[in-house]
Amino acid sequence: MIRFYFHPTPNPAKVALMLEETGLRYEVVPVDTAKGQQHDAAFRAINPNGKVPAIVDPDGPAGKPATVFDSSAILLYLAEKTGMLLGQPQDRADMLSWLFFIGTGLGPFSGQAVHFQHAAPAGLDYAVNRYRREAERHYRVLDDRLAGRDFIVGGEYTIVDISAWGWVDRASRVLKGAQEPLAAYPNIARWFQAIDARPAVARARKVGAEVPFKMERDEEAQRALFPSNYPAQA
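Just so it is clear, the model here is predicted, and its values are computed rather than measured.

A. Quick look at the overall build of the protein. For the protein, the count of helices and strands is 10 helices and 4 strands. A compact globule built from 234 residues would reach a C-alpha radius of gyration of about 17 Å, and the protein, at 18 Å, matches this within 12%. Reported as C-alpha extents along the three principal axes, the dimensions of the protein are approximately 50 × 45 × 30 Å. The burial tally for the protein puts 48% of its 234 residues in the buried class. Look at the contacts in the protein between residues 6 or more apart in sequence, and 66% of them connect residues 24 or more apart. Carbon and sulfur atoms provide 52% of the accessible area of the protein, an area that totals close to 11,700 Å². The averaged location of the 27 negative side-chain charges in the protein is 2 Å from the averaged location of its 27 positive side-chain charges.

B. Structural view of the pattern of salt bridges. All told, the structure shown has 15 salt bridges when counted by the stated rule. Measuring nitrogen to oxygen at the nearest pair gives 2.9 Å for the salt bridge that ties Asp169 to Arg205. You can see Asp169 sitting in the loop between α6 (159-168) and α7 (171-174) and its partner Arg205 sitting in helix α9 (residues 199-205), a full 36 residues away along the chain. Overall, the relative accessible area of 25% leaves Asp169 in the partly exposed class. Judged by relative accessible area, Arg205 falls into the partly exposed class, the value being 42%. The shortest N-O distance in the salt bridge between Asp196 and Arg205 comes to 2.5 Å. Taking relative accessible area as the criterion, Asp196 reaches 26% and is therefore assigned partly exposed. Three or more residues are tied together by salt bridges with common partners; here these are Arg132, Arg133 and Glu136.

C. Local environment of the UniProt feature "domain: GST N-terminal" (unreviewed entry) in the protein. In the numbering used here, UniProt assigns the feature "domain: GST N-terminal" (unreviewed entry) to residues 1-86. As annotated, residues 1-86 has a helix share of 34% and a strand share of 21%, and its two end C-alpha atoms lie 22 Å apart.

D. View of the nonpolar core. In terms of nonpolar packing, the biggest core is built from 59 residues, with Tyr139, Ile159 and Trp191 touching the most fellow members. In terms of residue count, the dominant contributor to this core is helix α4 (residues 92-118) (8 residues). If near-sequence neighbours (up to four positions away) are discounted, Tyr139 is found in contact with Leu106, Ser110, Trp167, Val168, Ala171, Val174, Leu175, Leu182, Tyr185 and Ile188. With 8 residues, the next largest nonpolar core counts Tyr5, Val29, Val52 and Val56 among its residues.

E. View of the packing of aromatic side chains. Applying the stated criterion across every chain, the model contains 10 aromatic pairs. Ring centres 5.9 Å apart and planes at 40° place the aromatic pair Phe109 and Tyr131 in the tilted group. Taken as a pair, Phe109 in helix α4 and Tyr131 in helix α5 (residues 125-145) lie far apart in primary sequence, 22 residues in all. With a centroid separation of 5.3 Å and 5° between ring planes, the pair formed by Phe116 and Tyr131 is classed as stacked. Linking Phe116 in helix α4 with Tyr131 in helix α5, this pair joins segments that are 15 residues apart in sequence. Here Phe116 falls in the buried class, since its relative accessible area comes to 19%. Looking at Tyr131, the relative accessible area reads 23%, which means it is partly exposed.

F. Quick peek at the sheet that holds strand β3 (residues 54-57). Read from one edge to the other, the open sheet built from 4 strands follows the order β2-β1-β3-β4, with strand pairing classed as mixed. Two strands in the sheet have a free side with no partner beyond their single neighbour: β2 (26-30) and β4 (66-69). Each adjacent strand pair in this sheet contributes to an overall mean axis angle of 20°, direction not counted. Where β3 meets β4, 4 bridges bridge the pair, whose relative direction is antiparallel. Bridging from a neighbouring strand, Asp57 pairs with Ala66 of β4. Against the sheet, helix α1 (residues 10-22) engages β1 (2-6), β2 and β3, with an angle of about 150° to β1. Sheet strands in contact with helix α3 (residues 71-82) are β1, β3 and β4, and its direction is about 135° off that of β4.

G. Focus on the domain arrangement of the protein. Split into domains, the protein comes out as domain 1 (2-85 + 203-229) and domain 2 (89-197). Using C-alpha coordinates to define each centre, domain 1 is positioned 21 Å away from domain 2. Each partner contributes residues to the interface: domain 1 has 17 residues there, and domain 2 has 20 residues. Buried surface at the junction of domain 1 and domain 2, both sides included, amounts to about 1,600 Å², of which 65% is carbon and sulfur. Taken together, the connections running from domain 1 to domain 2 amount to 3 salt bridges.

Procedures and definitions
Residues numbered from 1 in each chain as written. Predicted model: local features only at pLDDT ≥ 70, side-chain atom pairs only at ≥ 80, totals over all residues. Heavy atoms only, no water. Helix = DSSP H or I, 4+ residues; strand = E, 2+ residues; numbered from the N terminus. Rg over C-alpha atoms; globule rule 2.2 N^0.38 Å. Buried < 20%, exposed > 50% of the residue type's maximum accessible area, 1.4 Å probe, protein only. Contact = heavy atoms within 4.5 Å. Areas by Shrake-Rupley, 256 points an atom, 1.4 Å probe, with all protein chains shown as cover. Lys, Arg positive; Asp, Glu negative; His and termini not counted. Charge placed at Lys NZ, Arg CZ, Asp CG, Glu CD. Salt bridge = Lys/Arg side-chain N within 4 Å of Asp/Glu carboxyl O. UniProt positions renumbered as here; feature names shortened; annotations may be inferred. Core = buried A, V, L, I, M, F, W, Y, C linked by side-chain atoms within 4.5 Å. Phe/Tyr/Trp six-rings, centres within 6.5 Å; stacked < 30°, edge-to-face > 60°. Pairing = 2+ DSSP bridges. Axes fitted to C-alpha atoms, helices over the stretch in contact; angles between N-to-C directions. Domains from an automatic or database assignment. Buried area = accessible area lost by both parts, 1.4 Å probe.

The following block contains the structure:
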């Protein structure tokens with residue numbers, strides 16, 4: 001059974017959806033990032049970068065255990081393991097391009113937009129503007145891509161849609177202050193509504209719901225979540 005290291009944030013949510021779509025058996029291993037559990041030596045042995053998600057698959061290639069971290073790597077690994085949600089061979093180049101567009105562009109810039117708009121100290125107007133505008137630019141690229149398309153790559157649902165869903169699901173936080181955050185991106189709105197209606201999404205949303213993750217953003221949480229801001233604690 002796959003061990004799935006989870007916290008209820010966008011990148012682990014992608015993996016939760018992938019696991020539900022594929023029907024693979026898994027157990028959730030909570031990692032409470034507000035308590036700093038991602039920095040524990042046992043978890044760092046799984047992901048040296050100290051981030052969730054990560055998985056440990058006891059039935060990896062050639063029957064040997066496999067450890068995989070980073071949401072894009074996990075999606076690709078699970079798709080190849082199951083032969084599901086990879087799209088058609090002729091779409092391979094597009095699939096890789098758009099998967100990494102999300103993994104290196106839409107996701108990180110959305111994350112930084114959330115951080116500087118919701119968590120950073122006041123007065124960092126340049127950073128707030130920089131990351132908000134870049135997040136909007138990435139949304140525009142994706143919206144243009146989805147014009148006349150049901151899915152991001154080819155003619156079928158793939159891991160690229162799963163990856164984008166994880167972050168677009170948090171559009172209200174990324175695009176803070178927008179009454180209808182997807183109103184300016186009608187193609188994304190249409191696509192998101194269709195993906196979000198999938199039965200596996202409802203199941204994925206319940207993953208880890210019984211775990212009492214810490215929600216307070218006190219000093220302990222700040223030091224755990226942003227250790228580089230506290231060099232003596234890093």
